[in-house]
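Examining the three-dimensional arrangement
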Amino acid sequence: MMTDQTLISGTPQVKRKWYQVIDPITKLLFILDMTLLSFASPNLLLQVGLILVATLLLLFSKLNSTTFKALGFSLFLIVTMLIIQGLFYSHNQTVLFSVLGISFYKEGLIYATMLGCRVLVIILTSGFFMVTTSISENAAYLEQSGLSYKTVYVLMSVCYILPEMMRNMRKIQQAQKVRGTNPQKTLIQKLKSVLPVLIPLVIKTLDQSMARSISLQLRGFDNPNRTVKTSQQYHLSRMLHISLTGLAILLIGWKIWTKINGL
Amino acid sequence: MDEDKRIVVDNLTSRYPGTTQPQLRGINAEVQAGQVVGIIGNSHSGKSTLCRVLAGVISKIVSAEVEGQWRLFGRRVDDWPAYNAMTGVVLQNPAGQLSGLSDTVADEIAFDLINQGLAENLIQKRIEKVAAQMGLSAQLHLHPESLSGGQIQRLAIATAIATHPTVLILDDPTSEMDPLGRRQFFHWLAGVKDTTVLIVTSEIDDLCEIADSVWVMHDGQLVSKGTPGDVFNHLATDWQIPAPTITQLAQKMNWRMADGQYPVNAAELKEVRYAHN
């Protein structure tokens, strides 16, 4: 028996946004294709184009604080890469500029820029997937695709165990701060403060997982009568899957061919 | 009496692995269909373990040594799918009961109903009904994690009652509710029909208003059971359980009912007051 999820939610029929009519698999294939495209060519202009496409997708979908945090962290990584490669890349030959007598080399900076662009492409496209697809939508889609609910749950559990661990860590650290045992004023103190909470953190998270497992079984999780939820209706799913998979195969083939021929 | 119309607990003893003392010791009890039974006692008295056994968590999901027998309306835990289908359970940590895969409160309530394979129109009706009963109608489209502790507790109860269980097992279901939420919950519980309810709670005043029977747990033993009046008029001091506020007031005023007992709820207090006037 098929059950309409919209009806279950009691959600009134509202016009869906463009990114809500794209199925999760298409979005995952899109990340794969963008990543492969980025690694297919060392052309910086192509990288900039890919970043532009991914940024526009994000801007026209929705942005949230998590995306900004991920972007902020990746920009920090890229700047670090630029400094390290600009100074110490093994093929450095041409000095591009000097700051306080320290020389930055062109080859290292180009190499780091290329790496940074690829990181950005992955982060931006993954961000698009994350902000436009909910865990439950993925779960419903995978279940509808024929996976058993148990398998789906195991796959999806990763999506909530990590945030749950983060929440637990914040709670433990806050409790320590309140007691004055965890000052966390400097970066070293912050890093040091993580170590002593690791064991209670893992135990607490395991305990929560155990409680959830008990509860799910009590709630008839493995009942053979379970109905498959109908996920949202998506547009052109089959055609998009075939096209994007074809493109991925072509890009992998292209990469192998260029490697073999030394291009 | 016909065993199919009772919950029967027969000499039940249970011990978790790695512990020397059993958490439950020789529990014997019976509950008639449709009754509300309040289970009270101090920490580590065995209340939650008893709930876990009756819910089938022990020994169907969590391993523990169990001796003795128990049957819910003639059904044993060995027949797990049927046993599980007839129980609705709310455990101590309500947040841990959420599936984690629902975007809305409505989806969370639907989880149990989808698991039971109900038709979609019935699912929608049940969601609306239980949400109204638990005061969650306005929250149906919210994400479960955005709810307060009390609201999550009400959601956990809503998921338990959505499947229309024959037996409802509630382990401290109001611990995180505000006074109004708690009062509304007990008001709802008073009107529950056709469901046998076993509720662990420390809200003794509220319990005395609605319970048909009260069980007192102490050191893993069921040391007293009976009507709220019988139990609270014969509390032993070593159980360290306070009498209801009404009983304490009546004791101070020496207001006794015709049978010599002190009142335990508002109706009995009124009766005593009329008698004294």
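If you're wondering where the values come from, they're calculated on a predicted model, not measured in any experiment.

The next thing to look at is unusual backbone geometry. Residue and element names in this part refer to chain B. Of note, the amide linkage connecting I58 to S59 takes the cis form, showing an omega dihedral of 10°. Along the chain, the position of S59 falls in helix α2 (residues 57-61). Look at N11: it is not a glycine, yet its phi comes out positive at around 50°. Classification of N11 by relative accessible area gives partly exposed; the value is 45%. A positive phi angle, close to 50°, is found at F73, a residue other than glycine. Counting through the fold element by element, F73 comes out in the loop between β4 (65-72) and α3 (80-85).

With that settled, the discussion passes to a nonpolar patch on the surface. A cluster of nonpolar side chains, contributed by W18, L52, L56, L59, F60, L63 and F68 of chain A, occupies part of the molecular surface with about 740 Å² of accessible area. For L56 of chain A, a relative accessible area of 42% translates into the label partly exposed.

Further remarks concern the pattern of salt bridges. Pairing is possible between side chains of opposite charge, provided their charged atoms come close. Enumeration according to the criterion identifies nine salt bridges over all chains in this entry. E145 of chain B is paired through a salt bridge with R167 of chain A; the nearest N and O atoms lie 3.6 Å apart. Highlighted residues: E145 of chain B in the loop between α5 (120-133) and α6 (149-161) and R167 of chain A in helix α7 (residues 149-178), drawn from two different chains. For the salt bridge of D206 of chain B with R182 of chain B, the shortest nitrogen-to-oxygen distance reads 3.2 Å. With D206 of chain B in helix α8 (residues 204-210) and R182 of chain B in helix α7 (residues 179-190), the pair connects residues that are 24 residues apart, well separated along the chain.

This part takes up the UniProt feature "transmembrane region" (unreviewed entry) in chain A. Residue and element names in this part refer to chain A. Listed under "transmembrane region" (unreviewed entry) in the UniProt record, and renumbered for this structure, are residues 44-61, 67-88, 109-135 and 239-257. Structurally, residues 44-61 comprises 94% helix and 0% strand, and the distance from its first C-alpha atom to its last is 26 Å. End C-alpha atoms of residues 109-135 are separated by 39 Å, and the span's content is 93% helix alongside 0% strand.

Let us look at the UniProt feature "domain: ABC transporter" (unreviewed entry) in chain B. In the UniProt entry, the feature "domain: ABC transporter" (unreviewed entry) is given for residues 7-244 of chain B. When the span residues 7-244 of chain B is considered, its composition is 34% helix and 24% strand, and the gap between its end C-alpha atoms is 27 Å.

Turning our eyes to something else, we now look at helix α8 (residues 187-218) of chain A. All names here are of chain A. A rise of 1.5 Å per residue sets the reference length of α8, with its 32 residues, at 46 Å; its end C-alpha atoms lie 44 Å apart and thus fit the reference within 8%. At V197, α8 shows its maximal bend, which comes to roughly 50°, and the proline P200 appears one to four places after that position. Residues of α8 that are buried include every one of S193, V197, L201, T205, Q208, R212, I214, S215, L216 and L218, and no others. Following α8 by one or two positions, G220 adopts a phi angle in the positive range, close to 80°.

Moving on: the packing of aromatic side chains. Counted under the stated rule, the structure contains 14 aromatic pairs over all chains. Their ring planes at 85° and their centres at 5.7 Å tell us that W18 of chain A and Y19 of chain A sit as a pair that is edge-to-face. What makes Y19 of chain A buried here is its relative accessible area of 5%. With centroids separated by 5.2 Å and ring planes inclined at 75°, the aromatic side chains of F185 of chain B and F186 of chain B adopt a geometry described as edge-to-face. Side by side, F185 of chain B and F186 of chain B carry an identical accessibility label, which is buried. Chaining the aromatic ring pairs together yields one cluster made of W18, Y19, F30 and F128 of chain A. Note that R118 of chain A overlies the ring of F39 of chain A, its terminal NZ or CZ placed 4.7 Å from the centroid. A cation over an aromatic ring shows up here: R226 of chain A above the ring of Y149 of chain A, its NZ or CZ 3.6 Å from the ring centre.

About the cut-offs
Residues numbered from 1 in each chain as written. Chains lettered and ligands numbered in written order. Predicted model: local features only at pLDDT ≥ 70, side-chain atom pairs only at ≥ 80, totals over all residues. Heavy atoms only, no water. Helix = DSSP H or I, 4+ residues; strand = E, 2+ residues; numbered from the N terminus. Buried < 20%, exposed > 50% of the residue type's maximum accessible area, 1.4 Å probe, protein only. Patch = residues over 30% accessible without salt bridge, like charges linked within 9 Å, V, L, I, M, F, W, Y side chains within 5 Å. Areas by Shrake-Rupley, 256 points an atom, 1.4 Å probe, with all protein chains shown as cover. Salt bridge = Lys/Arg side-chain N within 4 Å of Asp/Glu carboxyl O. UniProt positions renumbered as here; feature names shortened; annotations may be inferred. Expected span 1.5 Å × (residues − 1). Bend = angle between axes of the 7 residues up to and from the residue. Phe/Tyr/Trp six-rings, centres within 6.5 Å; stacked < 30°, edge-to-face > 60°. Lys NZ or Arg CZ within 6 Å of the ring centre and 35° of its normal.

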